[in-house]
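What follows is the residue order along each chain.
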Amino acid sequence: MQEIIAQLDRKRAEARLGGGQRRMDAQHAKGKLTARERLDVLLDEGSFEEWDMFVEHRCSDYGMGEQKVPSDGVVTGHGTINGRLVFVFSQDFTVFGGSLSEAHAEKICKVMDQALRVGAPVIGLNDSGGARIQEGVASLGGYAEVFQRNVLASGVVPQISMIMGPCAGGAVYSPAMTDFIFMVKDSANMFVTGPDVVKTVTHETVTAEDLGGATTHSTKSGVADLAFENDIEALLELRRFFDFLPASNREDPPYRPSADPAKRDDYSLDNLVPPDPAKPYNMKELIEKVVDDRDFFELQPNYAGNIIIGLARMEGRTVGIVANQPMVLAGCLDIASSIKAARFVRFCDCFNIPIVTFVDVPGFLPGTSQEYNGIIKHGAKLLFAFAEATVPKVTVITRKAYGGAYVVMSSKHIRGDVNFAWPTAEIAVMGSKGAVEIIFRADIGDPEKIAARTAEYQNRFANPFVAASRGYLDDVIMPHGTRRRIAKALRILRSKQLENPWKKHDNLPL
Ligand code: HXC
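Residues numbered from 1 in each chain as written. Predicted model: local features only at pLDDT ≥ 70, side-chain atom pairs only at ≥ 80, totals over all residues. Heavy atoms only, no water.

Undergrad: When you look at the packing of aromatic side chains in this model, what are you seeing that I'm missing?
TA: Aromatic ring pairs: the centre-centre distance and the angle between the two ring planes describe each pair. All chains considered together, the criterion is met by 11 aromatic pairs. Aromatic pair Phe180 and Phe241: ring centres 4.9 Å apart, planes at 80°, arrangement edge-to-face. You can see Phe180 sitting in strand E7 (residues 180-184) and its partner Phe241 sitting in helix H10 (residues 231-242), a full 61 residues away along the chain. Here the aromatic cluster, defined as three or more aromatic residues joined through ring pairs, consists of Phe180, Phe182, Phe228, Phe241, Phe244, Phe297, Phe347 and Phe351. The side chain of Arg313 reaches across the aromatic face of Phe244, ending 4.0 Å from its centre. (Phe/Tyr/Trp six-rings, centres within 6.5 Å; stacked < 30°, edge-to-face > 60°. Helix = DSSP H or I, 4+ residues; strand = E, 2+ residues; numbered from the N terminus. Lys NZ or Arg CZ within 6 Å of the ring centre and 35° of its normal.)

See the structure below:
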């Protein structure tokens, strides 16, 4: 018996060594943790239960028969984050560069299948040289099996990808189909074709970091939701993020009691909107002053800054925040911001997270670049997402709500449940100047007349009361009471029931 136990211990120790001390040292020298060290940081102490530690690949080509490493380049299993169950896989770069073999893929599929059955999120820590080159097509088949599961799990359990090393070629499509992608600066990169292929095909010279590093994807492409400085920061922030998420689409978001009173008024908000309507102000100030404990987990902060998205809590319960940002492009909706917010709204709706929308939008961004690149269909994504969402929707218009953008931003007409406006709100087809130049075109040569007409139009429409008189707003509220009113609205909406007509799935404009 002693010998059998010793054998088990030996086998476990061998598996824990991964690709060996030399390769672990190399990993550390690059400023990266190993696959198992990462799970130690991510999961509650002692909660990780490893599965398939003794799995090995089945390849015999290119001398692979003699090179078997238990676990085969990926550590899989389950654990908890602040007591809540999560399934995980963590690719081990020290074993064949974390490359994906058929067996490696089977291990990932096993945890995904189980997560789906029990209703728990899946977190993948990616650090891989891609398809195991010695295995060829068996590896491609393995990727396909993972992709299929990403699709089936989408909208059923949250899926999060943390890219902590290379992730190239078709391998990028598994993270791409998960709900969130986070990346670590300097060590992570993602691209469909690497710098060498780019050089050959397009003659562009670009580094891996510039082509697909964390900064590129969190500022230029919008592929990544956040970029972190190092492994530790990334994993600790992932723990914080996880606390906002429900375990599955069958559950409500977790409840975390807060000492922040729901009735807390904030009189500084009464001066947030400047007297000059052309002047910007920082919408993040409003968000932070409204949510519990100023705790706002913003996503994509450095991409399409004209819209703000992220998770927060009201009275301890997770809410999704969508807000125009007057400080960037005057808060206009454009292609990038529409896509950014649409995917987030759909995420919230999948997972029963109520949506709070703050509106200050002068309209859609004009220009040939926007039109040629399809603002029509991309803008429609956000409209579609808000209109199909059945979760509680609370909207506050702080200032401008013009034209189509007014309708898009969770208006009453697309099933906003509770719609408020501040007294500073201006809800109209367009701004006064533009409106007057169209309906009083004959007077354009007479600046005095135009000024008088503009003032008249401004008085008539640049307020919330025309919309309120039609019931498009439920109330006009004082800015200082915004937290109190939103909290109350969300409280009454907890028992909301609304279903869309049966369909196989919708046909979102893509
Ligand atoms: C097998 C691999 C491997 C792979 C790396 N290794 N990638 N083994 N299959 N894909 C091994 C190396 O042989 C080496 O083994 C160890 O991992 C570390 O690799 P290095 O090259 O020394 O590391 P580094 O210099 O940090 O470079 C990392 C790298 C590079 C950028 C990832 O290894 C690389 O370019 N690898 C090939 C990437 C690739 O072309 N993959 C296929 C993409 S196509 P030793 O024994 O020396 O430690 C694809 C299709 C997916 O993935 C399709 C899905 C549908």
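Moving on, there is more to tell.
Undergrad: How should the site of the ligand be read in this particular structure?
TA: Taken together, 19 residues lie around the ligand, and Arg23, Gly97, Gly129, Ala131 and Ile133 are the ones closest in. Here an oxygen atom of the ligand sits 3.0 Å away from a polar atom, N or O, in the main chain of Gly97. At 2.8 Å from an oxygen atom of the ligand is found a main-chain nitrogen or oxygen belonging to Ala131. For the ligand, whose unbound accessible area comes to 1000 Å², protein coverage reaches 52%. Counting residues per element, the ones that place at least two in the shell around the ligand are helix H5 (137-153) and strand E6 (166-168). By residue number, the principal contributor to the shell around the ligand is H5, which donates three residues. Of the residues in the shell around the ligand, the class split is 10 nonpolar, six polar and three charged. (Near = heavy atom within 4 Å. Polar contact = N/O pair within 3.5 Å; in protein donor to acceptor, adjacent residues only side chain to side chain. Areas by Shrake-Rupley, 256 points an atom, 1.4 Å probe, with all protein chains shown as cover. Nonpolar A, V, L, I, M, F, W, Y, C, P; charged D, E, K, R; others polar.)

Undergrad: Sorry, what's going on with the sheet that holds strand E1 (residues 49-51) here?
TA: Note: strands within a sheet are paired through backbone hydrogen bonds, in either parallel or antiparallel orientation. Strand order across the open sheet formed by seven strands is E1-E2-E3-E4-E5-E7-E9, with mixed pairing between neighbours. At either margin of the open sheet sits one strand with a lone partner, and together these are E1 and strand E9 (226-228). Taking the axes of each pair of neighbouring strands and ignoring which way they run, one obtains an average angle of 20° across the sheet. Relative to E9, E7 runs parallel, the two being bridged by three bridges. Note that in E9 the partner of Val184 across the bridge is Phe228. (Pairing = 2+ DSSP bridges. Axes fitted to C-alpha atoms, helices over the stretch in contact; angles between N-to-C directions.)

Undergrad: Looking at this structure, I do not really get a nonpolar patch on the surface. What am I missing?
TA: Among the surface-exposed residues, Met1, Ile4 and Ile5 lie close enough to one another that they form a single nonpolar patch of about 340 Å² accessible area. With respect to the helices, strands and loops of the structure, Ile5 is situated in helix H1 (residues 2-16). (Patch = residues over 30% accessible without salt bridge, like charges linked within 9 Å, V, L, I, M, F, W, Y side chains within 5 Å. Salt bridge = Lys/Arg side-chain N within 4 Å of Asp/Glu carboxyl O.)

Undergrad: Just to check I follow, could you spell out helix H14 (residues 375-388) for this structure?
TA: Because an α-helix packs 3.6 residues into every turn, residues spaced three or four apart end up facing the same way. Along its 14 residues, H14 runs 20 Å from first to last C-alpha, staying within 8% of the 20 Å computed at 1.5 Å per residue. Buried within H14 we find Ile375, His378, Gly379, Lys381, Leu382, Ala385, Phe386 and Glu388. (Expected span 1.5 Å × (residues − 1). Buried < 20%, exposed > 50% of the residue type's maximum accessible area, 1.4 Å probe, protein only.)

Undergrad: Honestly, the packing of helix H4 (residues 102-118) against H5 in this entry has me stumped. Any pointers?
TA: At a closest axis distance of 8 Å, the pairing of H4 and H5 adopts a crossing angle of 15°. Taken together, H4 and H5 sit at an angle that is classed as roughly parallel. Like other packed secondary-structure pairs, H4 and H5 cross with a definite hand, here left-handed. Taking contact as the criterion, the partners of Glu102, Ala105, Ile108, Cys109, Met112, Asp113 and Leu116 in H4 are, on H5, Ala138, Gly142, Glu145, Val146, Arg149, Asn150, Leu152 and Ala153. Partitioning the contact of H4 with H5 into residue classes produces nine nonpolar, two polar and four charged. (Parallel < 35°, antiparallel > 145°, perpendicular 65-115°, else oblique. Left-handed = near helix turned anticlockwise from the far one by under 90°. Contact = heavy atoms within 4.5 Å.)

Undergrad: Explanation requested: the nonpolar core in the structure shown.
TA: Generally speaking, nonpolar side chains in soluble globular proteins are found buried as a group. Of all hydrophobic cores here, the largest spans 61 residues; its most connected members are Leu42, Ile123, Phe182, Phe241, Val322 and Leu382. Looking at this core element by element, the count peaks at six residues for helix H12 (residues 335-350). Excluding its chain neighbours within four sequence positions, the residues that come into contact with Phe182 are Ile160, Ser161, Met162, Ile163, Asp225, Leu226, Phe228, Leu238, Phe241 and Leu299. Grouped together as the second largest cluster of nonpolar side chains are 30 residues, Met283, Ala312, Ala487 and Leu490 included. (Core = buried A, V, L, I, M, F, W, Y, C linked by side-chain atoms within 4.5 Å.)

Undergrad: Whenever I open this one, the pattern of salt bridges confuses me. Can you help?
TA: Pairs may arise between side chains of opposite charge once their charged atoms sit close together. Applying the stated criterion to the full structure yields 36 salt bridges. Note that Arg484 is salt-bridged to Asp265, the shortest N-O span being 3.2 Å. Note that Arg484 is positioned in helix H19 (residues 482-492) and Asp265 in the loop between H10 and helix H11 (283-290), a separation of 219 residues in sequence. Ionic contacts of the salt-bridge type, sharing partners, join the residues Lys32, Arg38, Asp127 and Asp231 into one network.

These figures capture arrangement, not role.
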